[in-house]
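Topology and contacts: notes
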Amino acid sequence: MNTNDIREYLLVNSPWVDRSRTVDTVKAGDPTREIHTVGVGWMATIHNLRAAHQLGCELFITHEPTFWEHGPAEKEYREIEPGITKKRFLDETGMVVLRAHDTWDNWPEIGIRDSWARGLGLTRFIAQDETRWHAVYQIEEMTLAEFARYIARKVKVLGEDSVRVMGDPQMKVSRPSLGVGCGGPDKDMIDFGSDVLIVCYDGASYWQKRERYVELGVGVIVVEHGTSEMWGMESLARHLREKFRLTMHYLAEHPRLWTVMG
């Protein structure tokens, strides 16, 4: 078993991915190296890579970039700090890094979107867009403030200490929508009847998206990008453990915003 075997398995089962353009490539190391122990995390931070090495991992699978660039090559920041330190660590340890982004975002039932929905308790599916990035769900009617508090309680276990909300706190909502990371729900879900959108800070700019949604009459709940994808990466670790009988370690730590009140 090597990294190429895992990458090929993910690609073969992701017909929505264009192999010639995908960012799901090997970012460091020899993909033919035999592997027995694998680390999985949302980001290949230096802290996660060091923790994975301490656990004996020959491979680390990340969802987001290793060298802070979304393109497949990730060349721009490798040769400047902190890229130099990270590259040196990977060279010295021989650890392989594989990105699983395009494949895992839309993987049915256990990928990023569906794991996010399940973790939030959104199980009554209504509709989705053509790309399967976004979906609308049915819940019992409640106020936007009540639903926001519900979401805040759910994400607390993921390390997010609060959520941000826009819209009338007393408006009634019953059809929340969500999406994949920064590619969160947009007007397409409003057209499907969604009355509250769960979006990420870096995927929904204040002036271009969030404020516009509010003027369209819907509520907006904002969470961190990483928060929305952590359950999905935990699902990936579990899935690969069962599929390949490898030792898998899910590493949940990553940089995140935290709230300070004056």
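The model shown is predicted, which means the values in this text are computed figures rather than measured ones.

Conventions adopted
- For every chain, the first residue of its written sequence is number 1, and the numbers climb from 1 along that sequence.
- In view of the model being predicted, local features appear only for residues whose pLDDT reaches at least 70, and side-chain atom pairs are presented and counted only at 80 or more, with totals across whole chains, interfaces and linings using the full set of residues.
- To obtain the side-chain values, all non-hydrogen atoms of the structure were included, while hydrogens and water were left out.
- The salt bridge criterion pairs a side-chain nitrogen of Lys or Arg with a carboxyl oxygen of Asp or Glu, the two atoms within 4 Å.
- Secondary structure is summarised from DSSP: a helix means a run of H or I of at least four residues, a strand means a run of E of at least two, and numbering begins at the N terminus for each.
- Buried, partly exposed and exposed residues are distinguished by accessible area as a fraction of the type maximum, computed with a 1.4 Å probe on protein chains only: under 20%, between the cut-offs, and over 50%, respectively.
- Residues enter patches when they are more than 30% accessible in relative terms and free of salt bridges; like-charged ones are connected within 9 Å and nonpolar ones (Val, Leu, Ile, Met, Phe, Trp, Tyr) within 5 Å.
- Calculation of accessible area relied on Shrake-Rupley with a 1.4 Å probe; when residues are assessed, cover is drawn exclusively from the protein chains displayed.
- A cavity here means a set of points on a 1 Å grid, drawn over the protein atoms and nothing else, where a 1.4 Å probe fits but cannot get out; a pocket is an open set with protein on both sides within 12 Å along at least five of seven lines, and a residue lines either one if it has an atom within 4 Å of a point.
- Grid points are joined across faces, edges and corners, and a volume is the space filled by probe spheres set on the points.
- Here the term charged refers only to Asp, Glu, Lys and Arg, the term nonpolar to Ala, Val, Leu, Ile, Met, Phe, Trp, Tyr, Cys and Pro, and the term polar to all other amino acids, Gly among them.

**With respect to the pattern of salt bridges**
Summed over all chains, the structure comprises 9 salt bridges. Residues Lys27 and Glu74 are paired through a salt bridge, measuring 3.5 Å at the closest nitrogen-oxygen approach. Here Lys27, found in strand β1 (residues 26-28), pairs with Glu74, found in the loop between β3 (59-62) and α3 (83-93); they are 47 residues apart in sequence, far enough to count as distant. Note on accessibility: Lys27 and Glu74 belong to one class, buried. One salt bridge connects Asp91 with Lys87, and the closest N-O pair in it is separated by 3.2 Å. Taken together, the positions of Asp91 and Lys87, both in helix α3 and 4 residues apart, correspond to about one turn of that helix. The exposure class of Lys87 is partly exposed, given its relative accessible area of 29%. Three or more residues joined by partner-sharing salt bridges are found here, namely Asp186, Lys209 and Arg212.

**Observations concerning a nonpolar patch on the surface**
On the surface, a nonpolar cluster with roughly 270 Å² of combined accessible area is contributed by Trp68, Tyr77 and Ile80. One can find Ile80 in the loop between β3 and α3.

**Some words on empty space enclosed by the protein**
Under the counting rule described, the total for this entry stands at 1 cavity of 30 Å³ or more. In this structure, the largest cavity spans a volume of roughly 40 Å³. Around the largest cavity, the lining residues are Cys182, Gly183, Gly184, Pro185, Val199, Cys200, Gly203, Ala204, Lys209 and Tyr213. When residues of the lining of the largest cavity are traced back to their parent elements, those giving at least two are β11 (196-200) and α8 (206-215). Of the residues contributing to the lining of the largest cavity, the split by class is 6 nonpolar, 3 polar and 1 charged.

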